[in-house]
Amino acid sequence: MPHRRDVFKHAEKLGFGELHFKIDPETQLFAIIAIHNLKRGPALGGCRWRHYDNTGDAIYDALRLARGMTFKSAISHLPHGGGKAVIIRPPKILDKEKYFESFAKFINELGGTYITAADSGTTVEEMDIIAKYTKYVTSTTKIGNPAIYTAHGVLRSIEAAVKFKLGKNSLKGIHITIQGVGQVGYLLAKSCHELGATLTVSDVDEVSTERCKKEFGATVVSPNTIHTIKSDVFAPCALGAVLNHHTISKIHSPIIAGSANNQLAEVSDGHLLHRLGILYAPDFVANAGGVIQASAKYYGDTEEQLTKKIDGIYDTLMTIFERSSKTHKSTSDIADELAMEILEHE
Ligand code: NAD
């Protein structure tokens, strides 16, 4: 991590943008909103709420995540720029309603340039509180669970990769290994099972794996070995940085497509996968179903329009796979390039 004095330099290097702070001693709200890019529309990005050891870490998290949202929205052809809110969780909150009211007022001060949503640490119920005080919020309880849409997007990603790499139009008989069968992983397992795939799953939570064993006949393996299992598709749906120099050499699946954020530990891990002939569906393309839903609901799209947009992930990935094959560049590099092109020209 760069030295904290270099915030402006670091932000400039990442292509920012704006960085806003709110200090409200009365409610103990200490919040940051990072807006990376507004070219495609108001910045849409979740609100992270957690403890940070220091303010510098929170700022860098906000910057990194906001930039990621610019790429995710662009590649998903959404009318949004990239932004993210980070709230430093205090040891104790005196009045939750007032706390989130204060945060909502902070959002209002930005005049609609930033739209918030639930993210790590915040819930749809908290978005409901925020929605009482600002209209620049999505992913409230009325909007529904994003995991359903994220899982659908991952399914379409797997279908695209299976078509491209294995030349198959169906998941019948395809063996899929899923790391993490929480909200997204479970729904993905369900759809894959319904389409005739064979499943091997792992989770640190035994109740989750047992459910998959019982409902879908899934084989259960330990969390330490799931990535080493020979399968057609490895779907990381739990943690970040699972594709790293230790794990990649042990992966025996020609395809990787899952929902986890930041799957590559390093940029070079994307290159390594490419050199090994493993087709990687870049995470920010494959897991965009949730943000597509958040945007669609914000603008009042119909369910049909929303599904069509999520189905578009299939075509986007096909474009990425084809370009990667033609140019001999990794799919992760191509996805970044494509997002930049959309950002600049579309
Ligand atoms: P979740 O918390 O419901 O599920 C994650 C699961 O992974 C849990 O069941 C957990 O027990 C399990 N897990 C934790 N450590 C593990 C390990 N070492 N090995 C195997 N399993 C482990 O979360 P989710 O909403 O299903 O999201 C899954 C991933 O997808 C996360 O990385 C999340 O950031 C990402 N994502 C989710 C959404 C969404 O709409 N929920 C959208 C985009 C990205």
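Going by the structure above, here's the rest.
Note that the structure is predicted; figures quoted are calculated from it, not measured. (Residues numbered from 1 in each chain as written. Predicted model: local features only at pLDDT ≥ 70, side-chain atom pairs only at ≥ 80, totals over all residues. Heavy atoms only, no water.)

Turning our attention to the overall build of the protein chain. Along the protein chain, the regular secondary structure elements total twelve helices and twelve strands. Computed over the C-alpha atoms, the radius of gyration of the protein chain is 20 Å, within 12% of the 20 Å expected from 2.2 N^0.38 for a compact globule of 346 residues. Along the first, second and third principal axes, the C-alpha atoms of the protein chain reach 60 × 45 × 40 Å. Across the 346 residues that make up the protein chain, the buried fraction comes to 53%. When contacts within the protein chain are restricted to residue pairs at least 6 apart in sequence, those whose partners lie at least 24 apart make up 64%. Carbon and sulfur atoms provide 53% of the accessible area of the protein chain, an area that totals close to 15700 Å². (Helix = DSSP H or I, 4+ residues; strand = E, 2+ residues; numbered from the N terminus. Rg over C-alpha atoms; globule rule 2.2 N^0.38 Å. Buried < 20%, exposed > 50% of the residue type's maximum accessible area, 1.4 Å probe, protein only. Contact = heavy atoms within 4.5 Å. Areas by Shrake-Rupley, 256 points an atom, 1.4 Å probe, with all protein chains shown as cover.)

Bringing the packing of helix H5 (residues 146–166) against helix H6 (residues 183–194) into the picture now. A pair of packed helices is captured by two measures, namely the crossing angle of their axes and the spacing between those axes. For the pair H5 and H6, the least separation of the axes is 8 Å and the interaxial angle reads 50°. Between H5 and H6, the angle is such that the two are oblique. Between H5 and H6 the crossing geometry is right-handed. Touching Ala 147, Ile 148, Thr 150, Ala 151, Val 154, Leu 155 and Ile 158 of H5 are Gln 183, Val 184, Leu 187, Leu 188, Ser 191 and Cys 192, all from H6. Among the residues forming the contact of H5 with H6, the class breakdown is ten nonpolar, three polar and no charged. (Axes fitted to C-alpha atoms, helices over the stretch in contact; angles between N-to-C directions. Parallel < 35°, antiparallel > 145°, perpendicular 65-115°, else oblique. Left-handed = near helix turned anticlockwise from the far one by under 90°. Nonpolar A, V, L, I, M, F, W, Y, C, P; charged D, E, K, R; others polar.)

The subject of this paragraph is the pattern of salt bridges. Oppositely charged side chains can form a pair if their charged atoms are brought close together. Applying the stated rule across the entire model yields 16 salt bridges. The closest approach of N and O atoms between Asp 61 and Arg 64, which form a salt bridge, is 2.7 Å. In this pair, Asp 61 and Arg 64 are both assigned in helix H2 (residues 55–75), three residues apart and thus about one turn of the helix distant. By relative accessible area, Asp 61 is classed as buried at 8%. We note a salt bridge from Glu 303 to Lys 297, for which the minimum N-O separation is 3.2 Å. (Salt bridge = Lys/Arg side-chain N within 4 Å of Asp/Glu carboxyl O.)

On to the side chain of Thr 134. Mapped onto the fold, Thr 134 is located in the loop between helix H4 (124–131) and H5. Side-chain polar atoms of Thr 134 contact the side chain of Asn 108, separated by 2.6 Å. Among the polar contacts listed, one links the side chain of Thr 134 to the backbone nitrogen of Tyr 136, at a separation of 3.1 Å. Not counting residues up to four positions away in its chain, the partners in contact with Thr 134 are Ala 104, Ile 107 and Asn 108. (Polar contact = N/O pair within 3.5 Å; in protein donor to acceptor, adjacent residues only side chain to side chain.)

This part takes up H2. The end-to-end C-alpha separation of H2 is 31 Å, in line with the 30 Å expected for 21 residues at 1.5 Å each. Among the 21 residues of H2, 16 are classified as buried, and the element is accordingly described as predominantly covered. Its side-chain oxygen placed 3.1 Å from the backbone nitrogen of Gly 56, Asn 54 serves as the N-cap of H2. (Expected span 1.5 Å × (residues − 1).)

Around the ligand, the structure places 20 residues, and the nearest of them are Thr 150, Gln 183, Val 184, Asp 203 and Ser 259. At a separation of 2.7 Å, an oxygen atom of the ligand approaches a polar side-chain atom of Thr 150. The contact in question runs from an oxygen atom of the ligand to an N or O atom on the side chain of Asn 261, over 3.0 Å. Burial of the ligand by the surrounding chains reaches 71%, relative to a free accessible area of 820 Å². Listing elements by their share of the shell around the ligand, those giving two or more residues are H5 and H6. Per element, the largest residue contribution to the shell around the ligand is three residues, and it comes from H5. (Near = heavy atom within 4 Å.)

Once that is clear, we can look at the sheet that holds strand S12 (residues 279–280). The strand order across the open sheet formed by six strands is S9-S8-S7-S10-S11-S12, and the pairing between neighbours is parallel. Each end of this open sheet is capped by a strand with a single partner; those strands are strand S9 (219–220) and S12. In this structure, strand S11 (residues 255–256) lies alongside S12, joined through two bridges in parallel fashion. Bridging from a neighbouring strand, Ile 256 pairs with Tyr 280 of S12. (Pairing = 2+ DSSP bridges.)

For the pair helix H11 (residues 303–327) and helix H12 (residues 331–345), interaxial distance at closest approach is 9 Å and the crossing angle is 120°. Between H11 and H12 lies a crossing whose hand is right-handed. Where H11 abuts H12, its residues Thr 316, Thr 319, Ile 320, Phe 321, Arg 323, Ser 324 and Thr 327 lie against Thr 331, Ile 334, Ala 335, Glu 337, Leu 338 and Glu 341. When grouped by side-chain class, the residues that make up the contact of H11 with H12 number five nonpolar, five polar and three charged.

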